[in-house]
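Here is what each chain is made of, one letter per residue.
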Amino acid sequence: MSDRMEPSIYRYILKHSLRAQLLLLAFTLASMPLIYVSLEIPKIIINNAIGGENIPDTVLGFPVDQISFLLVMCCLFLTLVIVNGSIKYFLNVYRGVVGERMLRRLRYELYTRILRFPLPHFKRTSPGEIIPMVTAETEPLGGFIGDSFALPATQGGMLITYLFFIYNQDLLLGVAATALYPFQLYLIPKLQKRVNQLAKQRVLTVRKLADRIGESVSGVNEIHAHGTSRYERADIGSRLGKIYDIRYEIYRRKFFIKFLNNFLAQVTPFFFYSVGGIFVIRGDLTIGALVAVLAAYKDLASPWSELLKYYQMKEDIRVKYTQIVDQFQPSNMLEQALLDDEADQPQVLRGKVLGSNVSFTEDELVKTVDGANFQFEADQQVALLGLNGSGKDELSRLVARLLMASAGQISISGSNIAKLPESVTGTRFGYVGQGAFMFAGTVRDNLVYGLKRRPGVSANEGTDSTPERKQWIRDAREAGNSLDDRNADWIDYAAAGVEDSEALDRRALEICALVEAETDIYQLGLRSTMDPKKQPMLAEQILEARRELRRHLEESGSSDLVEPFDPALYNLNASVAENLMFGTARGSGLRTEALATHQYTQRVLREIGLLDDLVAIGSRVAETMVDLFADLPPGHELFEQFSFISAEDLPDFQLLLGRINSAGMETLSEDEHSRLLALALMLIPARHRLGLLDESLQARLLEARAAFAAQLPPELESQIEFFDPAAYNAAATLQDNILFGKRVYGKAHGASRLNQMVQETVDSLSLHHQIARVGLDYSVGTAGGRLSATLRQKLAIARCLLKQPDILVVNDATSALDSRAEQRVMERLLEHRAGNGVVWVLSRPSLASLFEHVLVAEDGRVVEQGPYSTLAEKPDSALNKLLQAG
């Protein structure tokens, strides 16, 4: 793939779909004679078959009279309609296939080019600009590509056919039909030119709007922190107004063109009716011919209109394509060969790493690295020091081959790393920066991401001969897409030094322990759910842990820390909703907040006679909350303790209570009843201590619990997992399955004591590793948003360590850790990497003593390098100046 995209949309189309375009043209031209015959048949039917003139004696050797001849002509007309319709259907479908295939190719090519963009380009171009160009802005191109040659050929051929037919009937009528075409051909392009300019302006403005909205999403914390939402809304409103003005002008001009075309199209029939009518009256033209001409002109309007629409679309597409091309060929793109070339056995990087007069500039004006010279052994552990702006950040990325030197070169054992393909650099280099990025997926997906370089065993292995798989491969090849199977096992187990997925999990957790992330993953596992059907052995072990924890609590005299779930007892440390359901909701429909509005819940409570009682309790809860919170500021700790009513909802409940006091409960709406019921369902006696649930009411709630389970409709069975002391609860977390109860409120240090006993139980049954493996399945959210920044940094380091690179570049990636944790992780990592290269950009010069070799950067140059002990002995060394500066 060359560095330049085809500048013309037509050249791009012909380059990649010439054969398909020729096939469309061939079918189009083949259909023209049939269209002409279908125009001639109605004239023969009217003048000959119905008029009784020139009826042949035989047709294809069979004798015919007037009626049989009429039926033959009508059947022939119907046959032509079917044949023409079938050809049109084929052309429309095939045009769509060609268009979508080319759109697929274009988007794939654009995405590939994004991967080739130089990294500094992403500082100048935001995702908000790039993403719409690949998705929304290319969408119209798909429809146009299929029509690019076939549509003008089809509509143009039909236009010529209709005109030939009209001219064949009468020369003057033909002149009348085409008299206004030259005027339209001259005027329409001039009017369209301004529309094209406005369309280009609209695309650029919408692109900037997308960028601005993306910026607002990324900086939403700053917007709220500084109270600038009014300014932001004004800015967006201004941009929307500009788009409105542009589109309004486009509509005015576009629909004026359409009005002009429609007006001129209606002028021509005036000549047909007047001039043609005179000819018929004089006998110079048959009525059948005039009717046929009128029918042909009626059909003529459609292809002419389609050709004018095509011209407008062509100009719009030309503008879009040109703008896309301009954005997707920045300077200094990564060579395509560096992405494509594969090394069967990537060479091990050993020997001297030599930087010779290395320079780097992003804007060709300021050199952030300016003639740097340095050297160290590839298996050395190197500290890279310098003040902010010294060029140390750019140097680290140049060594990792993430940036390409603007001048000079970096070589390893004499080989220029700029020439190494990514199959080598992605394997033999590792890089971790300050902003660790996590891809959407699980913790495991992110840890093994660095091992996904080529497909292994295909998920479709053995099915490549099936028609579906063959068609998929054929379509991908036609579209110029990757033929690799997305569902194959892409993980390179050998690169991690393991043989299978289970060993890889063990290895990943060992690496995570090295960077102090294993405990975090274990905690994620405790807070995660697990399918017992997929892991029945682990489910049984969790049940054993449940029994063991219960024994442990009793033997230590701590059984009062947890109130277990008992089908026959009301749990005072659980909410009314939890006691009623006595299970864990699988979906949102039966969660506590939705339970009060659910018709089934209300029906069960009504049958037991509890609905009105609970609504009354909800009213008393609301009254208590209003009294408690009336004079408290928002955010007070009591809001968190009772968590019934937010500060924003207090005024609503004050009004609601006022209505109850004045008019009674009967005046409340169904929604207001549900709001009060929801308050009652959230009530936890041991926590809130409001004295609203006596033993009699608890007994009735147990009765409602039994009815709730017994009468559960089939459509709700999949939405709840009932508590069973002898069964694993698939909807609950592992920790909740082990506890199988509610922590008792009001116990001093109860939470920490209980957590310690759970940990002891897990360790006694050797379940720690298994639970941590469940934590590997934890979903990290968009960009790792469900993880802390510290954990993201740790996982990013672990991701690089797992693939065992020859040279690991760490660009201040542990700065999110506290100083002690940073030093511990650094010492462990350096010990783990003994005999393998490490280049570590340090923000704390005092840590340089842990490294064998030191590079000191200043003003884009390496001003000092050598063993730490040697440089530290020089009082005036650059290293000592940094150490003194702290």
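Quick notes on the rules
- Residues numbered from 1 in each chain as written.
- Predicted model: local features only at pLDDT ≥ 70, side-chain atom pairs only at ≥ 80, totals over all residues.
- Heavy atoms only, no water.
- Helix = DSSP H or I, 4+ residues; strand = E, 2+ residues; numbered from the N terminus.
- Rg over C-alpha atoms; globule rule 2.2 N^0.38 Å.
- Buried < 20%, exposed > 50% of the residue type's maximum accessible area, 1.4 Å probe, protein only.
- Contact = heavy atoms within 4.5 Å.
- Areas by Shrake-Rupley, 256 points an atom, 1.4 Å probe, with all protein chains shown as cover.
- Lys, Arg positive; Asp, Glu negative; His and termini not counted.
- Charge placed at Lys NZ, Arg CZ, Asp CG, Glu CD.
- Pairing = 2+ DSSP bridges.
- Polar contact = N/O pair within 3.5 Å; in protein donor to acceptor, adjacent residues only side chain to side chain.
- Axes fitted to C-alpha atoms, helices over the stretch in contact; angles between N-to-C directions.
- Parallel < 35°, antiparallel > 145°, perpendicular 65-115°, else oblique.
- Left-handed = near helix turned anticlockwise from the far one by under 90°.
- Nonpolar A, V, L, I, M, F, W, Y, C, P; charged D, E, K, R; others polar.
- Phe/Tyr/Trp six-rings, centres within 6.5 Å; stacked < 30°, edge-to-face > 60°.
- Salt bridge = Lys/Arg side-chain N within 4 Å of Asp/Glu carboxyl O.
- Core = buried A, V, L, I, M, F, W, Y, C linked by side-chain atoms within 4.5 Å.
- Patch = residues over 30% accessible without salt bridge, like charges linked within 9 Å, V, L, I, M, F, W, Y side chains within 5 Å.
- Expected span 1.5 Å × (residues − 1).
- Bend = angle between axes of the 7 residues up to and from the residue.
- Right-handed = clockwise from strand over helix to strand, strands pointing away.

1. Details of the overall build of the chain
Here is step 1: The secondary structure content of the chain amounts to 35 helices and 16 strands.
Here is step 2: Against the 2.2 N^0.38 benchmark of 29 Å for 886 residues, the chain shows a C-alpha radius of gyration of 39 Å, more extended than a compact globule.
Here is step 3: Classification of the 886 residues of the chain by burial places 47% in the buried group.
Here is step 4: Nonlocal contacts in the chain, meaning residues at least 24 apart in sequence, comprise 75% of its contacts between residues at least 6 apart.
Here is step 5: As presented, the chain carries roughly 44,500 Å² of accessible surface, and 55% of it is formed by carbon and sulfur atoms.
Here is step 6: Each charge class in the chain can be summarised by its mean position, and for the 93 positive and 107 negative side chains these summaries are 7 Å apart.

2. Focus on the sheet that holds strand β7 (residues 415–416)
Here is step 1: Pairing is antiparallel in the open sheet, where four strands are placed in the order β4-β3-β6-β7. If you trace the sheet from one side to the other, it starts and ends with β4 (367–377) and β7, each paired once.
Here is step 2: Bridge count between strand β3 (residues 352–361) and β4: seven bridges; the pairing is antiparallel. What sits directly across from Val353, in β4, is Phe376.

3. Description of the side chain of Asn737
Here is step 1: By the secondary structure assignment, Asn737 is in helix α29 (residues 734–739).
Here is step 2: At 2.8 Å, the side chain of Asn737 forms a polar contact with the backbone nitrogen of Asn729.
Here is step 3: From its side chain, Asn737 meets the backbone oxygen of Ala732 in a polar contact 3.4 Å long.

4. A few points about the sheet that holds strand β16 (residues 861–867)
Backbone hydrogen bonds hold the strands of a sheet together, and the pairing may be parallel or antiparallel.
Here is step 1: The six strands lie next to each other as β8-β13-β14-β5-β15-β16, forming an open sheet whose pairing is mixed. Looking at which strands have only one partner, the edges of the open sheet turn out to be β8 (429–432) and β16. Going across the sheet, the axis of each strand differs from the next one's by a mean of 15 degrees, ignoring polarity.
Here is step 2: Of the strands in this sheet, β8 and β13 (807–811) touch helix α32 (residues 789–802), which is tilted by about 180 degrees from β8.

5. Some thoughts on unusual backbone geometry
Of all residues except glycine, most have a negative phi; of all peptide bonds, most are trans.
Here is step 1: In the Ramachandran plot, Arg401 falls in the positive-phi region, its phi being about 65 degrees despite a non-glycine side chain.
Here is step 2: As for its placement among the helices and strands, Arg401 is situated in the loop between α13 (392–399) and β6 (407–412).
Here is step 3: Assessed through its relative accessible area of 6%, Arg401 is described here as buried.
Here is step 4: Residues other than glycine seldom take positive phi values, yet Asp812 does so here, at roughly 55 degrees.
Here is step 5: Along the chain, Asp812 falls in the loop between β13 and α33 (819–832).

6. A closer look at the environment of Val838
Here is step 1: Position of Val838 relative to the elements: it lies in strand β14 (residues 837–841).
Here is step 2: Given the relative accessible area of 0%, Val838 is considered buried.
Here is step 3: Separated by 458 residues in the primary sequence, Val838 and Gln380 place their C-alpha atoms 6.5 Å from one another.
Here is step 4: When sequence neighbours within four positions are dropped, the list of residues in contact with Val838 reads Gln380, Gln381, Val382, Leu808, Leu830, Arg833 and Phe851.

7. Quick look at the packing of helix α1 (residues 9–50) against helix α2 (residues 66–116)
Here is step 1: Contact pair α1 / α2: the axes reach a minimum separation of 9 Å and the direction vectors enclose 165 degrees. The angle between the axes of α1 and α2 places the two elements in the roughly antiparallel class. α2 is crossed by α1, and the crossing has left-handed handedness.
Here is step 2: Taken together, the residues of the contact of α1 with α2 sort by class into 30 nonpolar, nine polar and three charged.

8. A short note on the packing of helix α19 (residues 536–555) against helix α30 (residues 750–764)
Here is step 1: At a minimum axis distance of 10 Å, the contact between α19 and α30 shows a crossing angle of 125 degrees. When the axis of α19 is compared with that of α30, the two are oblique. Helix-helix and strand crossings are classified by hand; for α19 and α30 the assignment is right-handed. Here Ala545, Glu548, Leu549, His552 and Leu553 of α19 come into contact with α30, specifically with Leu754, Met757, Val758, Glu760, Thr761 and Ser764.
Here is step 2: For the contact of α19 with α30, the per-class residue count stands at six nonpolar, three polar and two charged.

9. Regarding the packing of aromatic side chains
Here is step 1: Evaluation of the coordinates by the stated rule reveals 19 aromatic pairs.
Here is step 2: Look at Tyr10 and Phe144: their rings are 6.0 Å apart centre to centre, the planes differ by 75 degrees, and that puts the pair in the edge-to-face class. In this pair, Tyr10 is assigned in helix α1 and Phe144 in helix α5 (residues 139–147), connecting sequence segments 134 residues apart.
Here is step 3: Tyr10 sits in the partly exposed class, given a relative accessible area of 22%.
Here is step 4: Residue Phe144 is classed as buried on the basis of its relative accessible area of 1%.
Here is step 5: A centroid spacing of 6.1 Å and a plane angle of 70 degrees characterise the contact between Trp840 and Phe851, whose relative ring orientation is edge-to-face. On the criterion of sequence distance, the pair formed by Trp840 in strand β14 and Phe851 in the loop between β14 and β15 (853–858) is long-range, its members being 11 residues apart. Residue Trp840 shares its accessibility class with Phe851, and that shared class is buried.

10. A few points about the pattern of salt bridges
Here is step 1: One pass over the full model with this rule turns up 34 salt bridges.
Here is step 2: The shortest N-O distance in the salt bridge between Glu502 and Arg506 comes to 3.7 Å. Of this pair, Glu502 and Arg506 both sit in helix α17 (residues 501–514), separated by four residues, roughly a single helical turn.
Here is step 3: On the basis of relative accessibility, which here comes to 38%, the residue Arg506 falls in the partly exposed class.

11. Some words on the nonpolar core
In summary, soluble globular proteins display a tendency toward joint burial of nonpolar side chains.
Here is step 1: Counting residues in hydrophobic clusters, the biggest one holds 82 residues, and the most contacted among them are Val443, Leu795, Leu842 and Val854.
Here is step 2: The element contributing the most residues to this core is α32, with eight residues.
Here is step 3: Apart from residues lying up to four places away in sequence, Leu842 is in contact with Ala383, Leu384, Leu385, Lys392, Met826, Leu847, Ala848 and Phe851.
Here is step 4: Counting residues in hydrophobic clusters, the runner-up holds 45 residues, among them Val576, Tyr600, Leu677 and Leu679.

12. Observations concerning a nonpolar patch on the surface
Here is step 1: A grouping of Ile46, Ile50, Ile287 and Val291 is seen on the molecular surface, where their side chains present a nonpolar patch of about 340 Å² in accessible area.
Here is step 2: Residue placement: Ile50 occurs in helix α1.
Here is step 3: Among the residues examined, Ile50 registers a relative accessible area of 55% and is labelled exposed.

13. Points about α1
Here is step 1: Taking 1.5 Å of rise per residue, the 42 residues of α1 would be expected to cover 62 Å, yet its terminal C-alpha atoms sit only 52 Å apart, more than 12% below that figure.
Here is step 2: The largest bend in α1 amounts to roughly 95 degrees and is located at Ser17.
Here is step 3: The distance from a side-chain oxygen at the start of α1 to the backbone nitrogen of Tyr10 is 3.2 Å, and the residue carrying that oxygen is Ser8.
Here is step 4: In the stretch just after α1, Gly52 is the one whose phi turns positive, near 80 degrees.

14. Considerations on the environment of Glu335
Here is step 1: Following the sequence through the fold, Glu335 ends up in the loop between α11 (287–327) and α12 (336–340).
Here is step 2: Residue class for Glu335 comes out partly exposed when judged on its relative accessible area of 44%.
Here is step 3: In sequence terms Glu335 and Phe117 are 218 residues apart; their C-alpha atoms lie 9.6 Å from each other.
Here is step 4: If near-sequence neighbours (up to four positions away) are discounted, Glu335 is found in contact with Arg116 and Lys419.

15. Things to note about helix α28 (residues 695–710)
Here is step 1: In a regular helix each residue adds 1.5 Å, so 16 residues correspond to 22 Å; α28 covers 23 Å between its end C-alpha atoms and thus fits that length.
Here is step 2: Where α28 is concerned, the buried positions are Leu697, Gln698, Leu701, Ala704, Arg705, Ala707 and Phe708.

16. Things to note about the environment of Ile281
Here is step 1: Mapping Ile281 onto the fold places it in helix α10 (residues 229–282).
Here is step 2: Looking at Ile281, the relative accessible area reads 75%, which means it is exposed.
Here is step 3: Distance in space between the C-alpha atoms of Ile281 and Ile50 is 20 Å, their sequence separation being 231 residues.

17. Observations regarding the pairing of β14
Here is step 1: Among the five residues that make up β14, five are buried, leaving the element largely enclosed by the rest of the structure.
Here is step 2: Burial along β14 is two-sided: Gly837, Val839 and Val841 facing one way and Val838 and Trp840 facing the other are all buried.
Here is step 3: Looking at chain direction, strand β5 (residues 381–385) and β14 are connected through four bridges and run parallel. Bridged to Gln381 within β14 is Val838.
Here is step 4: Remark: the β13/α33/β14 crossover connection has right-handed handedness.

In short, shape yes, function no, at least from these values alone.
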